[in-house]
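Fold and geometry: a report
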Amino acid sequence: MGIGPGFVIWLAQLQIDREFSEYFVYFDGAVSGLSDGADVLFDGIPVGSVQDIRIDPDNNGRVRVHVEIDANTPVREDLIAVLQFKGITGVSQLLIESGTQESPMVKPTRERPIPEIASKPSQFEQIFEGAPEVVASLLELITRANNL
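The notes below deal with the structure included here. (Residues numbered from 1 in each chain as written. Predicted model: local features only at pLDDT ≥ 70, side-chain atom pairs only at ≥ 80, totals over all residues. Heavy atoms only, no water.)

1. Things to note about the packing of aromatic side chains
- Inspection of every chain in the model, using the stated rule, returns one aromatic pair.
- Directly above the aromatic system of Y26 lies the positively charged group of R62, at a separation of 4.1 Å from the ring centroid. (Phe/Tyr/Trp six-rings, centres within 6.5 Å; stacked < 30°, edge-to-face > 60°. Lys NZ or Arg CZ within 6 Å of the ring centre and 35° of its normal.)

2. Considering the nonpolar core
- Formed by 22 residues in total, the largest nonpolar core has its most connected members in V67, I69 and I117.
- Counting residues per element, this core draws most heavily on strand β4 (residues 62-70), which supplies four residues.
- When neighbours within four sequence positions are excluded, I117 is seen to be in contact with Y23, F24, V25, Y26, I69, V75, L79, A81 and I96. (Core = buried A, V, L, I, M, F, W, Y, C linked by side-chain atoms within 4.5 Å. Buried < 20%, exposed > 50% of the residue type's maximum accessible area, 1.4 Å probe, protein only. Helix = DSSP H or I, 4+ residues; strand = E, 2+ residues; numbered from the N terminus. Contact = heavy atoms within 4.5 Å.)

3. Quick notes on the side chain of S92
- With respect to the element layout, S92 can be found in strand β6 (residues 92-97).
- A polar side-chain atom of S92 sits 2.9 Å from the main-chain carbonyl oxygen of S32.
- For S92, the residues in contact, after removing those within four places along its chain, are S32, G33, L34, A38, Q84, F85 and K86. (Polar contact = N/O pair within 3.5 Å; in protein donor to acceptor, adjacent residues only side chain to side chain.)

4. Some remarks on the pattern of salt bridges
- Under the definition given, this model contains four salt bridges.
- Among the ionic pairs, R62 bridges to D56, the shortest N-O distance being 2.6 Å.
- Judged by relative accessible area, R62 falls into the partly exposed class, the value being 23%. (Salt bridge = Lys/Arg side-chain N within 4 Å of Asp/Glu carboxyl O.)

5. Focus: the pairing of strand β3 (residues 45-55)
- For strand β2 (residues 39-42) and β3, the ladder comprises four bridges, and the chain directions are antiparallel. Counted as the bridge partner of V40 is G48 from β3.
- Where β2 folds back on β3, the antiparallel hairpin that results is connected by two residues, among which D43 adopts a positive phi of roughly 50°.
- The pairing of β3 with β4 spans seven bridges and is classified as antiparallel. (Pairing = 2+ DSSP bridges.)

Below is the structure:
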């Protein structure tokens, strides 16, 4: 016994009735593994998807990620978005870490019809940002050891 056409229409209607809000997330540097259609998670719960990724037209050193998030998601001003690897495949998703209940909701304005969600580097990126200093310190330590 197969799935009836009524069920398929009902399921399609659920997706059509769902309302989304648009946001921009800006990242300094690469967004490796992130692609159009990638999941957007709010504290680990799927709430939306990446719609478009491009170089920020106002700053070519940043990447602008356009996301759609379920309109019922409490997007507050102190939220932080971070890239997260999805397993070991190298595919990334966008994780939004919840803010405080007291923080105001993010709303569109005349100046910013598509509001912005703040971002930070992933833990993986933070480790590699500090790598040159660690390598330099290690080389200096080796040099000093050789001099002794």
